[in-house]
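Survey of secondary and tertiary structure
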Amino acid sequence: MIYKLLAINIDGTLLQSNGKLSKESKEAVEYVQDKGIYVTLFTSRNFQATKKIAKALKVNNLLVSHSGAFISSKLDEPLFEKRIEEEEAYDIVKKLEKYDCNIRLSHEHFSIGNRKKLQSNLVAKAVLSNADPVFYPIQFVESLSDSILENSISPLKIECYFSDEVEKNNVKKELNAKYPHLDYLCDEDRKIEIVRKGISKYSGLKRLGEHLGISYHEMVVIGDNYSDLPLIEHAGLGVAMSNAPVEIKKVANWITRSNDQNGVPYMIKEHFRKQFPLPFLKTHLKIEK
């Protein structure tokens with residue numbers, strides 16, 4: 001199989017546990033791009049944080065961010081975006097404000113959240129993670145529902161962080177009963193991501209492939225998280241990090257080293273050194289563009 005696209009998850013995959021991007025990863029991505037492979041990132045992170053990492057990798061391509069709700073290479077020129085309507089976001093947040101949870105509205109230009117203080121420091125850190133206030137402002141307000149109406153906010157997704165896993169599950173059931181046309185992603189303990197129905201990293205990468213004319217079996221996908229499972233399972237070559245849960249490894253075609261052991265550059269060099277550059281293959285083997 002000749003692969004035309006390489007898709008890499010960010011947290012737990014591309015980045016090391018300390019949040020750093022290794023020199024080896026940068027070199028590996030440059031190496032595979034020189035072979036004519038289209039490289040993209042897919043993530044639950046906001047677009048601006050994703051773009052910053054892509055820039056460090058010298059990747060100027062379309063990126064799948066906000067858990068698949070925003071696909072773009074430029075902030076104000078998205079290929080695809082799917083939002084939660086303002087009125088519905090207001091109703092959902094109004095309901096969530098009755099519970100002991102941190103709520104965060106994720107927009108491509110900014111994030112806005114409530115001031116609720118949870119018992120768990122880990123949850124509080126999660127609300128502030130993956131954010132750079134210089135590029136992606138974060139604001140905290142007393143009444144998030146009022147701010148939605150005052151500022152006419154239609155978020156790409158709503159993130160909720162709970163102190164208690166049981167309460168998280170109960171709230172998810174309640175919301176799903178009232179808003180069945182939305183999806184509730186639970187990739188992490190005590191966290192729910194609310195998005196429009198059909199939005200996910202998987203659907204985002206499929207949508208990108210359709211735009212580029214690249215089928216899913218022509219993709220190499222590297223990931224580590226539960227939300228990465230369908231991407232890895234259906235890709236032409238699905239790669240799981242060794243730090244991934246067992247369920248992810250079971251569906252993978254390849255298990256590479258951990259994110260702290262340069263698993264991404266190791267896999268790239270091991271596999272793509274065997275594949276001729278795409279321009280050469282197109283000329284000599286007459287493969288489809």
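Since we're looking at a predicted model, the values are computed, not measured. (Residues numbered from 1 in each chain as written. Predicted model: local features only at pLDDT ≥ 70, side-chain atom pairs only at ≥ 80, totals over all residues. Heavy atoms only, no water.)

Section: the packing of aromatic side chains
All chains considered together, the criterion is met by two aromatic pairs. Ring plane angle 65° and centroid distance 5.4 Å describe the contact between Phe 47 and Phe 70, whose orientation is recorded as edge-to-face. Highlighted residues: Phe 47 in helix α3 (residues 47-56) and Phe 70 in strand β4 (residues 70-72), separated in sequence by 23 residues. Side by side, Phe 47 and Phe 70 carry an identical accessibility label, which is buried. Between Lys 269 and the ring centre of Tyr 31, over which it is positioned, the NZ or CZ distance is 5.4 Å. (Phe/Tyr/Trp six-rings, centres within 6.5 Å; stacked < 30°, edge-to-face > 60°. Helix = DSSP H or I, 4+ residues; strand = E, 2+ residues; numbered from the N terminus. Buried < 20%, exposed > 50% of the residue type's maximum accessible area, 1.4 Å probe, protein only. Lys NZ or Arg CZ within 6 Å of the ring centre and 35° of its normal.)

Quick notes on the nonpolar core
Membership of the largest hydrophobic core comes to 55 residues, with the highest contact counts inside it found for Leu 6, Leu 41, Leu 205, Val 220 and Val 221. With residues near it in sequence (within four places) discarded, Val 220 still touches Tyr 3, Leu 5, Leu 6, Ala 7, Leu 237, Val 239, Met 267 and Phe 272. (Core = buried A, V, L, I, M, F, W, Y, C linked by side-chain atoms within 4.5 Å. Contact = heavy atoms within 4.5 Å.)

A look at unusual backbone geometry
In this model, His 66 sits at a positive phi of 50°, which is unusual for a non-glycine residue. As for its placement among the helices and strands, His 66 is situated in the loop between β3 (63-65) and β4. One non-glycine residue, Arg 190, lies in positive phi territory at about 65°. Summarising the element assignment, Arg 190 is placed in the loop between β10 (182-185) and β11 (191-196).

A look at the layout of surface pockets
If you add up the space inside the second largest pocket, you get close to 160 Å³. Looking at the second largest pocket, the residues that line it are Phe 47, Gln 48, Lys 51, Lys 52, Lys 55, Ser 73, Lys 74, Leu 75 and Phe 135. For the lining of the second largest pocket, the per-class residue count stands at three nonpolar, two polar and four charged. (1 Å grid on protein atoms, 1.4 Å probe; cavity = no way out; pocket = protein on both sides within 12 Å on 5 of 7 lines; lining within 4 Å. Points joined across faces, edges and corners; volume = space filled by probe spheres on them. Nonpolar A, V, L, I, M, F, W, Y, C, P; charged D, E, K, R; others polar.)

Quick word on the state of the cysteines
Covalent bonding between the sulfur atoms of two cysteines is what defines a disulfide. Taken as a whole and assessed by the stated rule, the structure comprises zero disulfides. The thiol of Cys 101 is not disulfide-bonded; the next cysteine sulfur, from Cys 160, is found 5.5 Å away. Its sulfur unpaired, Cys 186 is 9.3 Å from the next cysteine sulfur, which belongs to Cys 160. Its relative accessible area of 31% is what places Cys 186 among the partly exposed residues. (Disulfide = S-S within 2.5 Å.)

Focus: the packing of helix α4 (residues 86-96) against helix α7 (residues 165-178)
Two elements in contact, α4 and α7, have axes separated by 12 Å at closest approach and are oriented at 150°. One element, α4, and the other, α7, form an angle in the roughly antiparallel class. When the axes of α4 and α7 are compared, the crossing they make is right-handed. Touching Ile 92, Lys 95 and Leu 96 of α4 are Val 171, Glu 174, Leu 175 and Lys 178, all from α7. Residue classes in the contact of α4 with α7 are distributed as four nonpolar, no polar and three charged. (Axes fitted to C-alpha atoms, helices over the stretch in contact; angles between N-to-C directions. Parallel < 35°, antiparallel > 145°, perpendicular 65-115°, else oblique. Left-handed = near helix turned anticlockwise from the far one by under 90°.)

Here we look at the environment of Ile 84
As for its placement among the helices and strands, Ile 84 is situated in the loop between β5 (80-81) and α4. On the basis of relative accessibility, which here comes to 0%, the residue Ile 84 falls in the buried class. Taking the C-alpha atoms as reference points, Ile 84 and Arg 196, 112 residues apart in sequence, are found 6.2 Å from one another. Apart from the residues lying within four places of it in its own chain, the contact partners of Ile 84 are Ala 89, Ser 154, Pro 155, Leu 156, Lys 157, Ile 158, Ile 194, Val 195 and Arg 196.

Focus: the pattern of salt bridges
Scanning the model with the defined rule gives 15 salt bridges in all. Here Glu 193 ties to Lys 157 by a salt bridge, and the two come within 3.3 Å at their closest N and O atoms. Within this pair, whereas Glu 193 is found in strand β11, its partner Lys 157 is found in strand β9 (residues 157-162), the two being separated by 36 residues in sequence. Owing to a relative accessible area of 6%, Glu 193 belongs among the buried residues under this scheme. When its relative accessible area of 0% is taken as the criterion, Lys 157 is described as buried. (Salt bridge = Lys/Arg side-chain N within 4 Å of Asp/Glu carboxyl O.)

Some thoughts on the sheet that holds β10
On the basis of which strands lie adjacent, the open sheet formed by six strands has the order β8-β7-β6-β9-β11-β10 and mixed pairing. Each of the sheet's edge strands pairs with one partner strand only, and the pair in question is β8 (138-141) and β10. Averaged over neighbouring strand pairs, the angle between their axes works out to 20° when direction is ignored. In terms of strand pairing, strand β6 (residues 101-106) meets β9 through six bridges, oriented antiparallel. Directly across from Asn 102, in β9, lies its bridge partner Tyr 161. (Pairing = 2+ DSSP bridges.)

A few points about the environment of Phe 135
Structurally, the position occupied by Phe 135 is in the loop between α5 (121-128) and β8. Separated by 25 residues in sequence, Phe 135 and Phe 110 have C-alpha atoms that sit 8.6 Å apart.

A closer look at α7
Between its terminal C-alpha atoms α7 stretches 20 Å, which fits the 20 Å expected from 14 residues at 1.5 Å a residue. Of the positions making up α7, those classed as buried are Lys 168, Val 171 and Leu 175. In an axial view of α7, the angular spread of the buried residues amounts to 70°, which keeps them on one side of the axis. Exposed positions of α7 whose direction lies more than 90 degrees from the buried face are Val 166, Lys 173 and Ala 177. Of the surrounding elements, those touching the buried residues of α7 are α4, β9, β10 and β11. Where α7 begins, the capping side chain belongs to Asp 164, and its oxygen is found 3.0 Å from the backbone nitrogen of Val 166. (Expected span 1.5 Å × (residues − 1). Arc of directions from axis to C-beta. Polar contact = N/O pair within 3.5 Å; in protein donor to acceptor, adjacent residues only side chain to side chain.)

These values are about where atoms sit, not about what they do.
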